[in-house]
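Residue strings, one per chain:
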Amino acid sequence: MGILDSFRLDGKTALVTGGGTGIGKAFAIALAEAGADVALIGRRSEPLEEVSKLIDSLGCKAMSISADVKSKTQVDDFTNQVVSEWGKLDIGVNNAGICFHTPTNQIEESEWDEVIDTNLKGPFLCAQAQARVMIPNSYGKIINTASMSGRIINRPQFQTHYNTSKAGLVHLTHSLATEWAEHGIYVNSISPGYIRTDMADTPEIAKMHPVWLRDTPVNRLGEVQDLTGALIFLASDASNFVIGHDLVIDGGFTAW
Ligand SMILES: NC(=O)c1ccc[n+]([C@@H]2O[C@H](COP(=O)([O-])OP(=O)(O)OC[C@H]3O[C@@H](n4cnc5c(N)ncnc54)[C@H](O)[C@@H]3O)[C@@H](O)[C@H]2O)c1
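Residues numbered from 1 in each chain as written. Predicted model: local features only at pLDDT ≥ 70, side-chain atom pairs only at ≥ 80, totals over all residues. Heavy atoms only, no water.

A few words on the sheet that holds strand 1 (residues 13–17). One open sheet accounts for 7 strands, arranged 3-2-1-4-5-6-7; its pairing is parallel. Because the sheet does not close on itself, it has two edges, and the strands there are strand 3 (62–66) and strand 7 (246–249). Along the sheet, successive strands turn relative to each other by an average axial angle of 15 degrees, direction set aside. In the sheet, strand 2 (residues 37–42) pairs with strand 3 via 5 bridges, with the strands oriented parallel. Counterpart to valine 38 in the pairing with strand 3 is alanine 62. The strands touched by helix 4 (residues 109–134) are strand 1, strand 4 (91–94), strand 5 (140–145) and strand 6 (185–192); relative to strand 4, the strand with the most contacts, the crossing angle is about 175 degrees. Against the sheet, helix 8 (residues 225–235) contacts strand 4, strand 5, strand 6 and strand 7, and its axis sits at roughly 170 degrees relative to strand 6. (Pairing = 2+ DSSP bridges. Helix = DSSP H or I, 4+ residues; strand = E, 2+ residues; numbered from the N terminus. Axes fitted to C-alpha atoms, helices over the stretch in contact; angles between N-to-C directions. Contact = heavy atoms within 4.5 Å.)

On to the packing of aromatic side chains, then. Counted according to the given criterion, the structure contains 3 aromatic pairs. Look at phenylalanine 7 and phenylalanine 233: their rings are 6.3 Å apart centre to centre, the planes differ by 35 degrees, and that puts the pair in the tilted class. With phenylalanine 7 in the segment before strand 1 and phenylalanine 233 in helix 8, the pair connects residues that are 226 residues apart, well separated along the chain. In this structure phenylalanine 7 comes out as partly exposed when scored by relative accessible area, which is 27%. Under the relative-accessibility criterion, phenylalanine 233 is labelled partly exposed at 25%. Measuring from centroid to centroid gives 5.7 Å for tyrosine 194 and phenylalanine 253, while their planes differ by 75 degrees, and the two rings are edge-to-face. Here tyrosine 194 is found in the loop between strand 6 and helix 6 (203–206), whereas its partner phenylalanine 253 is found in the segment after strand 7, with 59 residues between them in sequence. (Phe/Tyr/Trp six-rings, centres within 6.5 Å; stacked < 30°, edge-to-face > 60°. Buried < 20%, exposed > 50% of the residue type's maximum accessible area, 1.4 Å probe, protein only.)

Below is the structure:
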């Protein structure tokens, strides 16, 4: 197999949570460009339908399902739906996430729970459901979207719950990777730095950009396309000896 062929995903089926917007949308389209059929999971149906049409136009199958990754029942249902319609699931991309900027003393218990349940319990439930359908095939690639915030403390904003959830997600990735390697399931994560999506580029948040850029050696925010090559690497046979790795893509932020 030629080197570029090892990145192809023809005949594979993939699922992307948070696939209607931002990084998840770019991941879903990249997977389809590499040849995979892609199921899109998210909270709102309209953006999912829009991405679904883009994937159709690339000649791959798409499925969009509105669901909440915090709900075990819904996670099990959408995972089983993919397998019942397409016969198997090869690639799980657990990308859905939320972030609030709140000083720790002001974080309500409900806000803490919302962040941890979405960013940490969600990927756990998704990965568990994915492994159940991947183990019988002795094959699977699971990629979690973590964050550089799992390694560093961002400034000037305060986001203790987010940082904690992403640190947990990196270690969840290590745990699952070592446990499921014997089943042919490869679990890794991608940890983006600041990427220009709704999460990092609203007018309110843009006021912090000068500080963020000062701390980023390349002196720019990342674009979603800065992450997609890594996603396809981790989703494909090109990474068949990569297990439990957290791939940081941050324009050098954590190098300083
Ligand atoms: N943008 C950045 O700078 C940045 C940096 C590091 C990590 N990340 C991570 O990347 C991932 C994608 O974020 P983004 O920047 O594309 O922002 P985004 O807000 O565009 O995407 C988040 C997606 O998750 C979905 N989602 C949220 N809660 C959900 C739930 N309970 N059930 C189902 N879907 C849910 C949303 O509908 C949305 O589509 C997140 O996990 C985020 O933490 C983003």
